[in-house]
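Chain residues, written in single-letter form:
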Amino acid sequence: MTRPAPRFTPRLLNLESRDVPAGNVTAAIVDTGFFGLELQITGDDLANTVVLTGKGANVIEVRGIGTTVNGGSKAITFTAVENVRVDTGAGDDAIRCSNLSFRGTDLYEYTRLDVLAGDGDDTVQLAGTTAEDTSLTIYVGGDDYESLVNGNDRIDITGTTVRGPGFGLSVYADGNYAAENGSDTISVSNTTHTFSGTDGQYAITNLQILTGWASARGGNDSLTLDHVTADLSAGAVYTYFDIIQGLGDDQVRLSNFDLVSHGRYDNTVDFVVGEWEDYDGEVYGFGGVDTIEVSNFDLAATSPEVYYNYAFVNFGAEVTRLNNVAVEADGLAFMFIFTEQADLRNVTVASTDSNAYLQVASRGLFDAPTAFASTDLRLTNVHVSSNPETAPSSIEVYGGNEPNRITLVNCSADVLFIDASYFSLYYPAAGDDDEVTVTNSRFGEAFVSTGIGDDSLTLRNNTFGSVSIDAGEGDDTVSLTNCAFLTADLFGGDGDDELNLTNNSGLFNIDGFEE
């Protein structure tokens, strides 16, 4: 019998890896003296990928993905880590940190997590960072404000929890001159800072995101902040938020904010998003067509026995949309909105013992070139209140010099001031046809001025203590329907003006309208 020939079966042999690592990073513990033991990780100009994983309080494992660590491929674990500094240099780098845990022995210890990236399209991810009995500062950007200059960068910070006083939680993304070139994406979510302390202690929450605000360059950046919580109680409490973009068409989205600040002798909340002007007249954040969207935002600065207490909120962008926003303080409560298009829904600004103030204004209040922009400002269910025995509450609305559309529906305050002609004080030849409508609202006093142009002013179903209307120069139409007031002063100004009065109650003083 003839045996069959043996069948040949091909096999693949395992060979040594021929992968070329994307550079090398060095990692070491360095005693910095004042700031304690710091884990320093330094990369090169290649595309480094570095992963930092928390293995317990102050214990961190460092490994590379396609990148060697101290020349080797194995992960290295470091203990007694008090601070971390990662600097990967140029290249399309990825830095991923997860479950880092820092625990201090002193309430006022200071922990810093610096993540620096240079030129290139970089990705930085920080997830699940916790700090107990120590302050935590997260700085993502460039050393001395010089890195992250070029490239389309992405920064994700999520799940950060801090329980402690002192400087508490501070998050800085990008730095003053960072993200100048490129369209960058920054996300901060599920971030919490809590502390309950004594009169002799203090607590600070500081979140700062700057994308080229001091630069003459920029990109179309996207900033998203979601589920940010601060609940602080101590002798002195300070809450600072600065989110300022540079040139480019930038998008800023804030949602699900819950900030409670209870400082018993000093309580300060500063919340600035977008374009703004400081006390010295310096303007920041202008450039591009920017959009700010804010929803489910609650800020409370409560301290009935406080020596110094206020809440200051500023939003500045070409387009501003607010929904379900509440700002409350025992002291001063201010909200400023500088915009060209505003849609405010369900907004409350309230003070129990001092001024409560909302101002919605054309961006031209900041610089003359934009004073001629038209505005479309709509306020729905907006209420501003204070203790009238201490100080009145007010809503002020300022338009530009091009056609303005200003609409208020179901709004209230002690004082309403609408000036669609504000810039005609400085540019007498400017002005256009404005449309102002106020319905279903209640104010103690109301002052409305439309200035130059063929303007239309409609007041319907409102209650006033007193109302004063100046239609200004032009062929204007003023209509009051179903309004109740004690006195109404109506001035038509120059031009063929028309006045329509239907079912109103109160005493009229009328001048300058056609018979």
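Look a little higher up for the structure.
Heads up: these notes are all about the structure in this document. (Residues numbered from 1 in each chain as written. Predicted model: local features only at pLDDT ≥ 70, side-chain atom pairs only at ≥ 80, totals over all residues. Heavy atoms only, no water.)

Some points on the overall build of the protein chain
Then step 1. Along its length, the protein chain carries 0 helices and 40 strands.
Then step 2. The burial tally for the protein chain puts 54% of its 515 residues in the buried class.
Then step 3. The long-range fraction of contacts in the protein chain, counting pairs at least 24 apart against all pairs at least 6 apart in sequence, stands at 63%. (Helix = DSSP H or I, 4+ residues; strand = E, 2+ residues; numbered from the N terminus. Buried < 20%, exposed > 50% of the residue type's maximum accessible area, 1.4 Å probe, protein only. Contact = heavy atoms within 4.5 Å.)

Brief notes about the pattern of salt bridges
Then step 1. Throughout the structure, instances matching the rule amount to 8 salt bridges.
Then step 2. Between Arg-85 and Asp-114 there is a salt bridge, with the nearest N and O atoms lying 3.9 Å from each other. Taken together, the residues span a long stretch of sequence, with Arg-85 in strand 7 (residues 83-87) and Asp-114 in strand 10 (residues 110-116) at a distance of 29 residues.
Then step 3. A relative accessible area of 21% places Arg-85 in the partly exposed class.
Then step 4. For Asp-114, a relative accessible area of 7% puts it in the buried group.
Then step 5. When the shortest N-O distance is used, the salt bridge between Arg-154 and Asp-156 registers 2.9 Å.
Then step 6. Taking relative accessible area as the criterion, Arg-154 reaches 39% and is therefore assigned partly exposed.
Then step 7. What you see here is one network of salt bridges that share partners, running through Arg-85, Arg-112 and Asp-114. (Salt bridge = Lys/Arg side-chain N within 4 Å of Asp/Glu carboxyl O.)

Side note on a negative patch on the surface
Then step 1. A contiguous patch of negative charge on the surface is contributed by Asp-433, Asp-454, Asp-475, Asp-496 and Glu-514.
Then step 2. Locating Glu-514 in the fold gives a position in the segment after strand 40 (505-511).
Then step 3. For Glu-514, a relative accessible area of 48% corresponds to the partly exposed category. (Patch = residues over 30% accessible without salt bridge, like charges linked within 9 Å, V, L, I, M, F, W, Y side chains within 5 Å. Areas by Shrake-Rupley, 256 points an atom, 1.4 Å probe, with all protein chains shown as cover. Lys, Arg positive; Asp, Glu negative; His and termini not counted. Charge placed at Lys NZ, Arg CZ, Asp CG, Glu CD.)

Focus: the packing of aromatic side chains
Then step 1. Per the counting criterion, the structure on display carries 13 aromatic pairs.
Then step 2. Between Phe-334 and Tyr-357, the aromatic rings sit 5.8 Å apart at their centres with planes inclined by 80°, giving edge-to-face as the arrangement. A residue pair is termed long-range when its members are at least 10 positions apart, and Phe-334 in strand 26 (residues 332-339) and Tyr-357 in strand 28 (residues 356-362) qualify at 23 residues.
Then step 3. Its relative accessible area of 16% is what places Tyr-357 among the buried residues. (Phe/Tyr/Trp six-rings, centres within 6.5 Å; stacked < 30°, edge-to-face > 60°.)

Comments concerning the pairing of strand 27 (residues 341-351)
Then step 1. Relative to strand 27, strand 25 (residues 319-329) runs parallel, the two sharing 10 bridges. Residue pairing across strands places Leu-322 opposite Leu-344, the latter belonging to strand 27.
Then step 2. Relative to strand 29 (residues 375-385), strand 27 is paired through 9 bridges, and the arrangement is parallel. Paired with Asp-343 across the bridge in strand 29 is Arg-378. (Pairing = 2+ DSSP bridges.)

So, the side chain of Asn-404
Then step 1. Considering the arrangement of structural elements, one finds Asn-404 in strand 31 (residues 404-409).
Then step 2. Among the polar contacts listed, one links the side chain of Asn-404 to the side chain of Thr-375, at a separation of 2.6 Å. (Polar contact = N/O pair within 3.5 Å; in protein donor to acceptor, adjacent residues only side chain to side chain.)

A look at the environment of Tyr-240
Then step 1. Turning to its location among the elements, Tyr-240 is positioned in strand 19 (residues 222-245).
Then step 2. For Tyr-240, a relative accessible area of 29% translates into the label partly exposed.
Then step 3. Linking Tyr-240 and Thr-268, residues 28 residues apart in sequence, is a C-alpha distance of 8.2 Å.
Then step 4. Once residues within four sequence positions are removed from consideration, Tyr-240 is found in contact with Ile-204, Thr-205, Asn-206, Leu-207, Thr-268 and Asp-270.

A few points about the environment of Thr-439
Then step 1. By the element assignment, Thr-439 lies in strand 33 (residues 435-439).
Then step 2. In this structure Thr-439 comes out as buried when scored by relative accessible area, which is 9%.
Then step 3. Between the C-alpha atoms of Thr-439 and Thr-407, which are 32 residues apart in sequence, the distance is 8.3 Å.
Then step 4. Apart from residues lying up to four places away in sequence, Thr-439 is in contact with Leu-408, Val-409, Asn-410, Arg-460, Asn-461 and Asn-462.

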